[in-house]
There are 4 protein chains.
Amino acid sequence: MEENITNNARKRFHEIIYEADTFAGKLFDLILIFLILISIAAVMLESVVSIQARYGTALEITEWVITIFFTLEYLGRIIAVKRPLKYILSVQGILDLLATLPAYIDLIFPGLHFLVSIRAVRLLRIFRILKLGQFVGASNQLTDALKKSRMKIIVFLFSVVVLCIILGTVMYIIEGAESGFTSIPVAVYWTIVTLTTVGFGDITPQTPFGQFVSMVIMILGYGIIAVPTGLVTAEFMSKKGEADTNTQVCPNCSADHHRDDALFCYHCGHGLER
Amino acid sequence: MEENITNNARKRFHEIIYEADTFAGKLFDLILIFLILISIAAVMLESVVSIQARYGTALEITEWVITIFFTLEYLGRIIAVKRPLKYILSVQGILDLLATLPAYIDLIFPGLHFLVSIRAVRLLRIFRILKLGQFVGASNQLTDALKKSRMKIIVFLFSVVVLCIILGTVMYIIEGAESGFTSIPVAVYWTIVTLTTVGFGDITPQTPFGQFVSMVIMILGYGIIAVPTGLVTAEFMSKKGEADTNTQVCPNCSADHHRDDALFCYHCGHGLER
Amino acid sequence: MEENITNNARKRFHEIIYEADTFAGKLFDLILIFLILISIAAVMLESVVSIQARYGTALEITEWVITIFFTLEYLGRIIAVKRPLKYILSVQGILDLLATLPAYIDLIFPGLHFLVSIRAVRLLRIFRILKLGQFVGASNQLTDALKKSRMKIIVFLFSVVVLCIILGTVMYIIEGAESGFTSIPVAVYWTIVTLTTVGFGDITPQTPFGQFVSMVIMILGYGIIAVPTGLVTAEFMSKKGEADTNTQVCPNCSADHHRDDALFCYHCGHGLER
Amino acid sequence: MEENITNNARKRFHEIIYEADTFAGKLFDLILIFLILISIAAVMLESVVSIQARYGTALEITEWVITIFFTLEYLGRIIAVKRPLKYILSVQGILDLLATLPAYIDLIFPGLHFLVSIRAVRLLRIFRILKLGQFVGASNQLTDALKKSRMKIIVFLFSVVVLCIILGTVMYIIEGAESGFTSIPVAVYWTIVTLTTVGFGDITPQTPFGQFVSMVIMILGYGIIAVPTGLVTAEFMSKKGEADTNTQVCPNCSADHHRDDALFCYHCGHGLER
């Protein structure tokens, strides 16, 4: 019977830590997000020299308190779940561990505690709390469409990089070190800055011919941005289209492309087998 | 009978102020837009030191005359409408109030009268006058498509911000204060400037490794701009796609959204009248 | 009979000047484009101080020779066409006149002869020569899609301008003249530079709060670029869809959405009336 | 029989060099890519002054070793293939030759050996090795869609260039040499930098009117970027849309591209077999 109580306690504990449907679960998640926001703000402010001078100790204490809380939460999650190893090796488990580690690492290798900002990834769980279903659906659709067009995007971006290496070399030969194109890596960096239409302006072509090639690069960058956009859009669209009609064929008149929820053929009125 | 006259006067008043179909109504709206344009121009020019020195008094008088006109118009709208409270609390009512307030606020808190430029929002009513129907239709379609893809856009932009916090911290660790990355907030600001392909160039990476990470950020920003575009395009298209199904309702079971070429109800198999 | 000869001569003349299907017509158009290119190059090079010093006279002579040729061509077009007034008042007629005028204007108002570059518009006729049909088709599709989504784009761009006026005023209040935001017009200019992701970097926010608002503007600009893209894409797509099937209904079985070149119903095999 | 052995050897040789399905073929391609990467890295690092001073000789030796390997590979390909001339004149053959030439050219014309970075093009063959089919499919789809919308993109980009020539001249007249618009070619360069939203910031408008025209150019560039995107997206989509018609051929009149749900030929009315 004692075991039963422990089981119930663990169940309740699991509910609070892992789920966001009950009041306690929601509250827990809200506190978590609040602490993440505070710890990120603390890390950011700590890097501002004037604030560090005045409030340094307070910020450090805040960070440690939150780190200890996160450590306890991480241990709690391992206890609350039935298969601890599965959780530890899951994406979420690794992210949770990464959120606790940086402060400890800083004790051994000082200067790396800014990695605490990895915690920001955990902020994405905010969508779990606010109107759960809709946001989860939206982000699933996003990741699905990206996953599907992944290979085309990789081929495209890789081709862009190859193009930038060649054009960068050309610009290095044309402009040379006087205009700031001190080496090929720098020239390739400049080409990527230009082709992606970022355009810092720290390095700019000075010779007429260099400016001409720059114009070609810019027009090119302006034109080929259409490619990834077209890819992802096409994928989004095809997802939509598929959801609406299916490949079912009417057994009587062979009409197809029925609505997903159709019970009868839209053409001959014969019943459809589901 | 006197009441009747008042009623007629109010009706006519309502027509002039609220509608844009009659000549008087159109004229009223045109004068309003002309005054808004002048008052915005006045506020803008007032902020230019050389113009302020010469024409300061004239500009101030213009502003006050227009403000008084707007105040009278606001009061007129409250009188002309049947349910004043509904108008006051509507989006348009609040915008109309905001358009009159700044000048008065300036009497109490000097220096804030530049908020007069909030009046610019009222310029959007220009679409009400010029070929009413078409523009209203166009802007309705725009806001509809944006509303529908709202949640996906929020998820996307939030993920971008989280990504920028992490990449910004990495850049801060790599570059440090010598290159202008004086603190993490500044580094995050730089990352957003770079990822959105704005690229001011006030801060630029100086170390080879920093430039390498910048290239990755730029390629990333160039690639993921496809996502919001794909989202909104898909929403625009699906609006169009709805045209393929029609608004016919089955006379037997009341199911709707039938295919355009449907002869029988997809839900109950009853014949559809064409 | 003499009239007949004149008529034939005029017909031949018309063929050469207006059409690009015969050899003489093509040659004439090619010479024209070649001269336009040379005159544009001449105007451009003339503006480069070092070249002007050395080759100034030669460039000026070139320009005058071409201008006289264009004047003769313009007069020729008026003579060759049956309804001269219609040509003079057409878009092409006005462009042709504009291409001849600048050099003459320069005699009266010196310093304006750089307007010769208006001639560049005539370069677009290059598409008439190279594989006529395909390019004309492509550019027709382009202008059609733009015309259809014109009103939505106007509403969108106007809203962007209004947004920039308001955000620009806010930035002016936050940053002030020390950071380069010397007046509201300048601040609005900066906001447009930032929202459209151009990002010159001549003016940049210096205060932390100004940088925060900048981030919001940039994220906004990165997000809403999706809107015009979505609009135009949707219009392109709907054009495609329409071109392929039509609204014809089979007189026998009432099936619709037939291919444009269909002679028989795809569903019952009954002949379609064309 | 000896000939038979030579034939077998050549077949095996062909398999290794040209194909990526067998283990030996994959290994060969992997070594090739590894060498290309090293040689590109070597060329890039050589251009960095500090590295060149220290490791110059080592980098030069590396480059020559790889060049000799590439030369042998090129000769090997000519021997292994049945129609050497066809390979030599194919796109791949020319690229392979270009990958070996630069180092030799450098012996005759020193200073041009940076053209070795043309080798980067060969990196694209990486897609042949990793999950062959999928990447080839993806890149075929990409190039197909680009090929189809090629003419529209050319018309669009050409129109953009014409627009930039005219707007650049206007900016030159407005701003003049004091603001950095020293000549029309420079002003056109600035206009392209601005319209494509690159925005280096090395040249910026200083006069109020110049800034106003800049705003128009920026808003324009922000708006018309929608056009190439719309074009490519529509092409991607229509590729997908083709799935709605199928490759069935009418047994009577050989018409194809029937609707997926067609029962009778749209051209001759003959029944289609399903």
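Looking at an unreviewed UniProt entry, chain A carries the name Ion transporter, with the source organism given as Flavobacterium pallidum. Word for word, the UniProt comment on chain A under Subcellular location (unreviewed entry) is "Membrane".

Let's talk about the overall build of chain A
Within chain A one finds 11 helices and 0 strands. Sorting the 274 residues of chain A into buried and exposed places 47% on the buried side. Taking contacts inside chain A between residues at least 6 apart in sequence as the whole, the part at least 24 apart equals 51%. Accessible area of chain A: about 13,200 Å², with a carbon and sulfur share of 69%.

A look at the UniProt feature "transmembrane region" (unreviewed entry) in chain A
As annotated by UniProt and renumbered to match this structure, "transmembrane region" (unreviewed entry) occupies residues 30-49, 61-81, 101-121, 153-174, 180-200 and 212-231 of chain A. Span residues 30-49 of chain A is 90% helix and 0% strand, its end C-alpha atoms 31 Å apart.

With respect to unusual backbone geometry
For Thr197(A), which is not glycine, the phi torsion reads 60 degrees and is therefore positive. For Thr197(A), the location among the structural elements is in the loop between α9 (184-195) and α10 (208-224).

Re the environment of Thr197(B)
Look at Thr197(B) and you get buried, because its relative accessible area is 5%. Expressed as a C-alpha distance, the spacing of Thr197(B) and Leu220(B), which sit 23 residues apart in the sequence, is 10.0 Å. In contact with Thr197(B), not counting residues within four places along its chain, are Thr196(A), Thr197(A), Val198(A), Thr197(C) and Thr197(D).

What about the pattern of salt bridges?
Using the criterion set out here, one finds 6 salt bridges over all chains in the structure. Among the ionic pairs, Glu73(A) bridges to Arg77(A), the shortest N-O distance being 2.6 Å. On the criterion of helical spacing, the pair formed by Glu73(A) and Arg77(A) is a turn pair, its members being 4 residues apart in helix α3 (residues 49-80). Of the two residues, Glu73(A) and Arg77(A), both sit in the buried class. A cluster of three or more residues bridged by salt bridges with shared partners is formed by Glu73(B), Arg77(B) and Asp96(B).

Concerning helix α8 (residues 150-175) of chain A
Taking 1.5 Å of rise per residue, the 26 residues of α8(A) would be expected to cover 38 Å, and the 36 Å separating its terminal C-alpha atoms lies within 8% of that figure. Of the residues trailing α8(A), Gly176(A) is marked for its positive phi of about 75 degrees.

Some remarks on a nonpolar patch on the surface
Residue and element names in this part refer to chain C. A cluster of nonpolar side chains, namely Ile-68, Leu-72, Leu-75, Ile-94, Leu-97, Leu-98, Leu-101, Tyr-104, Leu-107, Ile-108 and Phe-109, defines an oily patch on the protein surface of about 1,000 Å² accessible area. Of all elements in the fold, only α3 (49-80) and α5 (91-108) reach the threshold of two or more residues within the nonpolar patch. Looking at the nonpolar patch, the element that brings in the most residues is α5, giving 7 residues. Examined against the element boundaries, Leu-107 turns out to sit in helix α5. On the basis of relative accessibility, which here comes to 62%, the residue Leu-107 falls in the exposed class.

Quick word on the packing of aromatic side chains
Following the criterion strictly, the structure yields 16 aromatic pairs over all chains and no others. A ring pair is formed by Tyr74(D) and Tyr87(D), whose centres lie 6.1 Å apart and whose planes are at 45 degrees; its orientation type is tilted. Placement of the pair is Tyr74(D) in helix α3 (residues 49-80) and Tyr87(D) in helix α4 (residues 84-89), with a sequence separation of 13 residues. The same class applies to Tyr74(D) as to Tyr87(D), namely buried. Through pairs of rings, three or more aromatic residues link up here, namely Phe181(A), Trp190(A) and Phe200(D).

Topic: the packing of α10(A) against helix α9 (residues 184-195) of chain D
Relative orientation of the contacting elements α10(A) and α9(D) amounts to 25 degrees, with a least axis distance of 10 Å. Classed by the angle they form, the pair α10(A) and α9(D) counts as roughly parallel. As α10(A) packs across α9(D), the resulting crossing turns out to be left-handed. Contact with α10(A), carried on its side by Gln211(A), Ser214(A), Met215(A), Met218(A), Ile219(A) and Tyr222(A), involves Pro185(D), Val186(D), Tyr189(D), Ile192(D), Val193(D) and Leu195(D) of α9(D) and no other residues of that element. Split into classes, the residues belonging to the contact of α10(A) with α9(D) amount to 10 nonpolar, 2 polar and no charged.

Reading the values: rules and limits
Residues numbered from 1 in each chain as written. Chains lettered and ligands numbered in written order. Predicted model: local features only at pLDDT ≥ 70, side-chain atom pairs only at ≥ 80, totals over all residues. Heavy atoms only, no water. UniProt positions renumbered as here; feature names shortened; annotations may be inferred. Helix = DSSP H or I, 4+ residues; strand = E, 2+ residues; numbered from the N terminus. Buried < 20%, exposed > 50% of the residue type's maximum accessible area, 1.4 Å probe, protein only. Contact = heavy atoms within 4.5 Å. Areas by Shrake-Rupley, 256 points an atom, 1.4 Å probe, with all protein chains shown as cover. Salt bridge = Lys/Arg side-chain N within 4 Å of Asp/Glu carboxyl O. Expected span 1.5 Å × (residues − 1). Patch = residues over 30% accessible without salt bridge, like charges linked within 9 Å, V, L, I, M, F, W, Y side chains within 5 Å. Phe/Tyr/Trp six-rings, centres within 6.5 Å; stacked < 30°, edge-to-face > 60°. Axes fitted to C-alpha atoms, helices over the stretch in contact; angles between N-to-C directions. Parallel < 35°, antiparallel > 145°, perpendicular 65-115°, else oblique. Left-handed = near helix turned anticlockwise from the far one by under 90°. Nonpolar A, V, L, I, M, F, W, Y, C, P; charged D, E, K, R; others polar.

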